[in-house]
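Read off the chains here:
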Amino acid sequence: MTTTNSATKEKPGFGPGIQKFFTSQEALLFLVIIALGCVMGSINRSFLSPGNLFGLMNNHAFLAILAIGVLVVLISGGIDISFMATASVAQYIMSLQIIAHGGNMLEAFLIAAAAGIILGAVNALFIHWLEAQAIIVTIATMNIFFGALLVISRGKWLFGFPAWFKPSSTSGQWLPFIVAISVYIATWFLLNHTKTGRKIYALGGSIEAAKRVGINVLQIRLFIYGFMGMIAGIAATVQAYVIQNISPSTNIGREMDVLAAVVLGGASLLGGKGSVLGTFFGVLIIAIVSNGLILMHISSYWHTLFIGLIIIASVSMTAYQQRISEERGSAINVQ
Amino acid sequence: MFNKQEPMGKLNLYFRKNSDIATLSCVLAAVVLLMIWLNPGQFLKSDNFESMAFQLPELGILALAMAVAMLSGGINLSIVASANFVGIVMAIMMTKIHGMDPGLLIPLAIITGLAVSAVIGILNGVIISMLDVSPILATLGSSMVIDGASLIITKGYVISGYPDTFLNIGNGYLFGIPFPLFILIFCIVGVSVLLTRTIFGQSIYLLGSNTTAARFSGINIKAAIIKTYAISGLLCGIASIIMISRFNSASQGYSTSYLLITVLLAVLGGFNPDGGFGKVSGLVLALIILQIISSGLNIFGLSSYLTLIIWGAILLLVMGVRAIGVKYGK
Amino acid sequence: MAQEFLVMKGISKKFSGIQALNNVDIAINEGEIHCLVGQNGCGKSTLIKIISGVIKPEKGANIWILGNPVHHLTSTSAIQQGILVIYQDLSIFPNLTVAENIAMPKMLESNSELVNWRKVRDLAAEVTAKIGVSLPLEKNAGLLSIADRQLIAICRAIAGDARLLIMDEPTASLTREEVDQLFVVIKELQRKGMTTLFVSHKLNEIMSIAERVTVIRDGKKVGTYQSKELDNEKLIYLMTGKNIAYSRPQDTIKPQCILEVKNLSKKGNYKDISFCLHEGEILGITGLLGSGRTELALSIFGMNPPEKGDIFVNGALVKIHNNRDAIKNGLGMVPEDRMGQGLIMNHSVEANIVVTVMKTLLSRIKLIHLRKRKKLALKLVADLNIKIPDIDAPAKTLSGGNQQRVAVAKWIATDPQILILDGPTIGVDVHAKSGIYEMIKSLAAAGMGIIIISDEFNEVYYNCHRILVMDHGRLLQELNPQEIKAEDVNDFNILTQYTAN
């Protein structure tokens, strides 16, 4: 029996992510969160108050849900910066509909999700047909979507949502959290236990190999960008629910917060890497930092600066780790 | 070895080798004719051309900044943030420093602004080449840091009230031609010479096409990338001078739509987003084409949001045409 | 009488006017290990694409699999029939586990959208046990060596019920031990009934395992032979149709050491390397992959700084921290991978040639003198006899041999004292090879010191004044070609003999 150089003891596998509960990046993030929580708690007692933590969750549900969509796109080796525009369009269409014609919660989500899926499919088609860099295609579509929204809406604010769309009862307050957690669990399941999820990782690992093994790249891309669009719609509905009046330009320029969270959570721009848990931690860290800055009465202008520094720091570290592991891989057995 | 060619043959050869330029020239001619046909009275008026000559320069210089980064195989998403920040720095110097002779203050502010813009560029270059971060993330991150700094300094307000002499830069004339146009021409010539006639310029083309082979040939990759982004940054600084002088104010939030337009200009102008190819002459043609379309749309009174849609659509169209061209070329 | 697994008759294929394949017949017996050889461009890749259903042959082709006629072979039906190709890039997903890579085809086939991880793991374990390899099933495939990844590809093929395994250049990036291990696995597969078809140009390795060899030349089949009937010379004759006569280099050696290395060491690369290169000498460094020869060359050229030891140029100690220092000290290096490292394929011949000497082309105002530049490029093209359509033509439009001449030209432009060539004739036709050898010999005659690095013993034997043999990072011995008999060189295993001690 030939034993290879890399043979080690094997453990029973129940799936890729459960072998070790945390990868090293996730473990690091977890520690950072604990540390941040302690620091924040000690600086300002009210940080750990239920009211504050609850507000933290609700205010960042939008960000958290969007992050999952971006995660899926990044894992597949793509990128999409038009998702905020998609979210804004979906939000506006959904709001127009339910303010004018009523309905129920499920309908609201469905309308927004459908709008998002259509815009996402547009992205997928252009990226596939033009064989173009996704960053440039989505810069174009971002401007087209926002432009169309601003022209058609004429910048008009929307308010006066129906009563069932307001977080009146205590259970209603939990809606953003519940939606976010559901999305996280569903996506975790998608990525780790379905064929589609594994195809997404495969595409991010090597597009050539994916084609060779018979994966239909167009199909997967439609799924991925459509999924991103759907997530954007769901997130947008949650945001509308929380803030209760919306304008088409609220979300302009907020893409980076989401991207920062996803990248912090371990997803790589090169594709093939990333996890739901890591994204969850990334979102949590960004949320804690934002919230902390507010509690410390530091002006919100510092917020952008910090997020930028977080992006740079986390990708530098990832790139550094990558380089170290590559150097280790190619040594010769000198005798 | 090679056949002697007659003049017409030489022209044919030029156009075959520079098919991008040839195509753009045709597109330019078509667009001009279209605009004249649609709205002859307005379009051919001299003040139409004049307003173009004021707007076009800052956009053109920013497009050069984007194109240079693209040439090296990267992208610079921080150009608008940098320009705004540098503008704020210069504005503060010019409005808050009292008691200095404007003849001294203005040049000092300008030099400081340019220095800051170059430093930002160097930092981008260092993060990309030494920390091995992808240009997309590096410049996204830096744009956020820079925007944050701008917000912190200005607290969201606009800074205005410059000395008159400074305003002349953005609004004045030299020999009857708008001054910003001179600056643009200077930048175009400068970057063109830099790219085609200096070792550094040639190095960017090569490393943008195949970084490994360029390294094996003895090119100092890290230094070249840092210089590339430094120059990109410097160009943002120059654009900033024109911008704040024209607007008579500086702020964090200006010109956010410029990012899309500069990408469009670079791509339309023949710069390959994967790096290694692109000519300044193509960029110039693209600039003229887009400015004409923009003026034409303004004449029609279209909202500025609508123009965003049009630019986005044109970018997709250009990429589509290029994709088809690549397929048929094979 | 062995049953024939695959029989193809009358295979022809034309691509835009060029006849890639002309009435080729091929028959592969069930359970045999068969090898397809031929020069670059002879049509063997086209043949493989037809066998695997990626391309359709022209009318008049007949295909039988296990005696049954097949009328339309598509890539899907080929896979269903058990014909699987492992390409040189292995097509492995580096970010997925070994088990998942192995089970991928089966996983994609299944009707259920849910992934059954237990089945995945069981299938992977079953397949690896079947052929007697032990792989870390839960590790990400990207962390494994190329040899192990190749084993993953083979396991994946088996998991996909392959009956004919086609491997394209399987030993190209493997060390000697890894090649041995691969062949053990292939033989085990053969015992279990697998038919294997190799496409390879690494004759010395393949000959040790292939039973029959089919030679293709210019789109036609030359013949099918028992491998024991063949040796290097015969095979080259069959592949090229010519008897290539190699001439030994003249004695152009001067006594001075222009390059000397003393006790050069680097962990994980090589240890205690010392030698001297004389002016006008062609020194060969040979050894199998993994011997450290390329790592050594890169160190001398400044791209892989050594940890211990010294380098002397013309007797003076030099500190080489990067390749710019090396170039300043009169060194040049033509790397192994022409496409990725040697040339910038999308740029013009002119740009590629002058890249190393741009500093010398500046006019008084420190700008590049365009006419000087073109003149230099044209001169080198003429000097080195490079056939180009135009000086502005992209390098990728040239033939392999001419591309290699451009890759050399750009170093000649620097007027080096020492030129290192790593794999100087990789991907170059046998016809063009002799031209490159002549070029190297004339450079030496003009006083340049040349190091040729190659794993083809033939190449260093005929073209070098001295040969150094490396193995596992050590310098084993120094050979004088004049003391070796030409017939011995013909033996496919000669390099193994020298490294066997």
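Residues numbered from 1 in each chain as written. Chains lettered and ligands numbered in written order. Predicted model: local features only at pLDDT ≥ 70, side-chain atom pairs only at ≥ 80, totals over all residues. Heavy atoms only, no water.

**A word on the overall build of chain A**
At step 1: In terms of helices and strands, chain A carries 13 helices and one strand.
At step 2: Counting from the amino terminus, chain A carries its helices and strands in the arrangement β-α-α-α-α-α-α-α-α-α-α-α-α-α.
At step 3: A buried classification covers 56% of the 335 residues belonging to chain A.
At step 4: Of the contacts made within chain A by residues no fewer than 6 positions apart, 82% connect residues no fewer than 24 positions apart.
At step 5: Accessible surface computed for chain A: about 14,400 Å², of which carbon and sulfur atoms make up 66%. (Helix = DSSP H or I, 4+ residues; strand = E, 2+ residues; numbered from the N terminus. Buried < 20%, exposed > 50% of the residue type's maximum accessible area, 1.4 Å probe, protein only. Contact = heavy atoms within 4.5 Å. Areas by Shrake-Rupley, 256 points an atom, 1.4 Å probe, with all protein chains shown as cover.)

**Section: the sheet that holds strand β4 (residues 62-65) of chain C**
All names here are of chain C.
At step 1: Strand order in the open sheet formed by four strands is β2-β1-β4-β5, and the pairing between neighbours is antiparallel. With one partner strand each, in any of the chains shown, β2 (18-29) and β5 (68-70) form the two edges of the open sheet. In this sheet, neighbouring strand axes are inclined to one another by 25 degrees on average, regardless of whether the strands run parallel or antiparallel.
At step 2: Relative to the sheet, helix α1 (residues 44-51) contacts β1 (4-15) and β2, its axis offset from that of β1 by approximately 120 degrees. (Pairing = 2+ DSSP bridges. Axes fitted to C-alpha atoms, helices over the stretch in contact; angles between N-to-C directions.)

**Description of the domain arrangement of chain C**
At step 1: When the domains of chain C are assigned, the result is domain 1 (4-240), domain 2 (247-330 + 416-501) and domain 3 (339-415).
At step 2: Measuring from the centre of the C-alpha atoms in domain 1 of chain C to the corresponding centre in domain 3 of chain C gives 39 Å. (Domains from an automatic or database assignment.)

**Quick look at the interface of chain A and chain B**
At step 1: Counting residues at the interface gives 37 residues for chain A and 41 residues for chain B.
At step 2: Both faces combined, the contact of chain A with chain B buries some 3,300 Å², and carbon together with sulfur accounts for 83% of it.
At step 3: On the chain A side of the contact with chain B, A:Leu130, A:Ile136 and A:Tyr301 bury the most area, a combined 19% of that side's loss.
At step 4: Across the contact surface, chain A and chain B share zero salt bridges.
At step 5: Taken together, the elements giving at least two residues each to the side of chain A that touches chain B come down to α4 (105-130), α5 (134-153), α11 (255-264) and α13 (301-329) of chain A.
At step 6: Broken down by element, the residue count for the side of chain A that touches chain B peaks at 13 residues, all from α13(A).
At step 7: Class assignment of the residues belonging to the side of chain A that touches chain B gives a composition of 27 nonpolar, seven polar and three charged. (Buried area = accessible area lost by both parts, 1.4 Å probe. Salt bridge = Lys/Arg side-chain N within 4 Å of Asp/Glu carboxyl O. Nonpolar A, V, L, I, M, F, W, Y, C, P; charged D, E, K, R; others polar.)

**Considerations on the sheet that holds strand β17 (residues 331-334) of chain C**
All names here are of chain C.
At step 1: Across the sheet, six strands lie side by side as β17-β18-β19-β14-β20-β21; this open sheet has mixed pairing. Looking at which strands have only one partner, the edges of the open sheet turn out to be β17 and β21 (474-479). Adjacent strand axes in the sheet meet at a mean angle of 20 degrees when their direction is disregarded.
At step 2: As defined by bridge partners, β17 adjoins strand β18 (residues 418-422) across four bridges and the pair is classed as parallel. Bridge pairing in β18 links Gly 332 to Leu 419.
At step 3: Taken strand by strand, helix α14 (residues 400-412) contacts β17 and β18, and its axis lies near 170 degrees from that of β17.

**Brief notes about the side chain of C:Lys433**
Residues and elements named next belong to chain C.
At step 1: By the secondary structure assignment, Lys 433 is in helix α15 (residues 430-445).
At step 2: Judged by its relative accessible area of 11%, Lys 433 is buried.
At step 3: Residue contacts for Lys 433: discarding those within four places in its chain leaves Thr 425, Val 428 and Glu 456.

**Considerations on the pattern of salt bridges**
All names here are of chain C.
At step 1: Inspection of every chain in the model, using the stated rule, returns 20 salt bridges over all chains.
At step 2: Residue Lys 328 is joined to Asp 325 by a salt bridge in which the shortest nitrogen-to-oxygen separation is 3.9 Å. Residue Lys 328 and its partner Asp 325 are both found in helix α10 (residues 323-328); the two are separated by three residues, about one turn of the helix.
At step 3: The exposure class of Lys 328 is exposed, given its relative accessible area of 68%.

**What to know about the packing of helix α3 (residues 98-109) of chain C against helix α4 (residues 117-131) of chain C**
Residues and elements named next belong to chain C.
At step 1: Taken N-terminus to C-terminus, the directions of α3 and α4 make an angle of 110 degrees; their axes are 8 Å apart at the nearest point. When the axes of α3 and α4 are compared, the pair comes out roughly perpendicular. Touching Ala 99, Glu 100, Ile 102, Ala 103, Lys 106 and Met 107 of α3 are Trp 117, Val 120, Leu 123, Ala 124 and Thr 128, all from α4. (Parallel < 35°, antiparallel > 145°, perpendicular 65-115°, else oblique.)

**Some details on a nonpolar patch on the surface**
All names here are of chain A.
At step 1: Residues Val 39, Ile 43, Met 296, Ile 298, Trp 302, Phe 306 and Leu 309 make up a contiguous nonpolar surface patch of roughly 560 Å² in combined accessible area.
At step 2: At the level of elements, α1 (24-43) and α13 are the ones that each hand at least two residues to the nonpolar patch.
At step 3: Here the nonpolar patch takes three residues from α13, the largest share from any one element.
At step 4: Relative to the helices and strands, Ile 43 is located in helix α1. (Patch = residues over 30% accessible without salt bridge, like charges linked within 9 Å, V, L, I, M, F, W, Y side chains within 5 Å.)

**Considerations on unusual backbone geometry**
At step 1: Of note, A:Arg154 is a non-glycine position whose phi angle comes to about 55 degrees, a positive value.
At step 2: Position of A:Arg154 among the secondary structure elements: in the loop between α5 and α6 (170-173).
At step 3: Residue A:Arg154 is classed as exposed on the basis of its relative accessible area of 76%.
At step 4: Positive phi, normally seen in glycine, also occurs at C:Asn23, with a value near 55 degrees.

**Topic: the pairing of strand β9 (residues 195-199) of chain C**
Residue and element names in this part refer to chain C.
At step 1: Counting buried positions along β9 yields five of five residues, so the element is predominantly enclosed.
At step 2: Every second residue of β9 is oriented toward a common face, with Thr 195, Leu 197 and Val 199 on one face and Thr 196 and Phe 198 on the other, all of them buried.
At step 3: Both strand β3 (residues 33-37) and β9 contribute to a ladder of four bridges, which runs parallel. Its bridge partner lying in β9, Ile 33 is registered against Thr 196.
At step 4: Taken together, strand β8 (residues 164-168), helix α6 (residues 176-191) and β9 form a β-α-β motif whose crossover is right-handed. (Right-handed = clockwise from strand over helix to strand, strands pointing away.)

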